[in-house]
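# Summary of the model geometry
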Amino acid sequence: NLDIALNFAKNNGRNQIVFYDEIQHEKLELYSQVAFELGRAIEKGGFELFYQPIFNIQTQKMVGAEALIRWDNPFGVNTGEFITIAENTGQIKDIDYWVIDSVFKFIAQHNQIWAHQMMSINLSAQSFNSNEILEYLKKKISFYKINPAQITFEITEYSIISNLEFTKEMVGNLKNMSFNVALDDFGTQYSSLNYLGKLNLDHLKIDKSYTDLITLNPLDKKIVRHIINLASDIGLETVAEGIETDAQLDALKQMGCKMGQGYLLSRPIPAKDIIGLVEAQS
Ligand code: C2E
Ligand code: MG
Ligand code: MG
Ligand code: MG
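So, a few notes on the structure that sits alongside this text. (Residues numbered from 1 in each chain as written. Chains lettered and ligands numbered in written order. Predicted model: local features only at pLDDT ≥ 70, side-chain atom pairs only at ≥ 80, totals over all residues. Heavy atoms only, no water.)

### Quick notes on the pairing of strand E4 (residues 151-155)
With respect to burial, E4 is a largely interior element, five of its five residues being buried. The side-chain alternation of E4 yields two buried faces, one formed by Ile151, Phe153 and Ile155 and the other by Thr152 and Glu154. As defined by bridge partners, strand E3 (residues 118-122) adjoins E4 across four bridges and the pair is classed as parallel. The partner of Ile121 across the bridge, within E4, is Phe153. Bridge count for E4 against strand E5 (residues 180-186) is four bridges, and the pairing is parallel. Paired with Ile155 across the strands is Leu183, a residue of E5. (Buried < 20%, exposed > 50% of the residue type's maximum accessible area, 1.4 Å probe, protein only. Helix = DSSP H or I, 4+ residues; strand = E, 2+ residues; numbered from the N terminus. Pairing = 2+ DSSP bridges.)

Rendered as structure tokens:
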């Protein structure tokens, strides 16, 4: 556990010398405890998936959902926090594989109801940057007999920058298997337009930080409009994240953004509720 904590400190301190004051020490203590409990949750199945509906904002119809992991833990750490810890300890791969298995099982169990819906799965850089995952996916597709065209893997710019050639290959491999690939959180990191044209992506997810600003800052609104136009010009569908107000929704609609998700439309909800929502729509 000390290794884990030190590793975390190293990453956190970007390989600089970490000053171990009292708070730092307590923080590391907590991180190693969280990592330990995460390990138990991985072994014993302590996670649950919630699903956030994604809508075609032009037609108001629900077109799919994004699977988001939840972990009921005694530390009060939220999803973003424990995912970051798991990325630092390497536990993220086991988590990603559990999510893939669970989502495929969910779709297989509800194949009638889910027939015309999409499903998005977040994939960490570590899982995406290794060929292993392809074998795992092949095995799971044939086991659950699901249609990979219904699945979208969300990767982040962080996955891309380490090795553009490998990323091209991996996106190609996933596409050859009929999966879709989305670029998540676009605009938050490196946002190089250079690789957008080189990767055969399906969707571009516009980060919540842009959605937050489009109704407040005219310049940001222009930038988002251009991102949407650029994306559709090169054959990418846009999905806006974190829509919380009618004004944001209207602005995005008017700018031609195709899809969206956010608390205004629906929060992430448990499996049975999302099934109810799809049934109610059809
Ligand atoms: P993300 O993939 O960008 O997911 C969107 C996040 O925004 C989710 O947070 C979602 O609950 C939240 N969100 C959606 N609409 C709104 C809104 O209108 N307002 C606000 N304030 N938030 C909204 P969540 O579920 O806490 O997940 C955080 C991040 O953790 C995700 O960001 C993703 O990077 C990661 N994550 C979540 N589930 C998984 C998973 O199963 N595997 C992996 N590898 N990462 C995951
Ligand atoms: Mg996502
Ligand atoms: Mg996102
Ligand atoms: Mg995000």
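Additional details are given in the paragraphs that follow.
### Digging into unusual backbone geometry
Here the phi dihedral of Lys145 falls at roughly 55°; this positive angle occurs in a residue that is not glycine. Looking at the element boundaries, Lys145 is found in the loop between helix H6 (132-144) and E4. Using a relative accessible area of 71% as the deciding quantity, one classes Lys145 as exposed. In this model, Ser178 sits at a positive phi of 80°, which is unusual for a non-glycine residue. Residue position: Ser178 is located in the loop between helix H8 (164-176) and E5.

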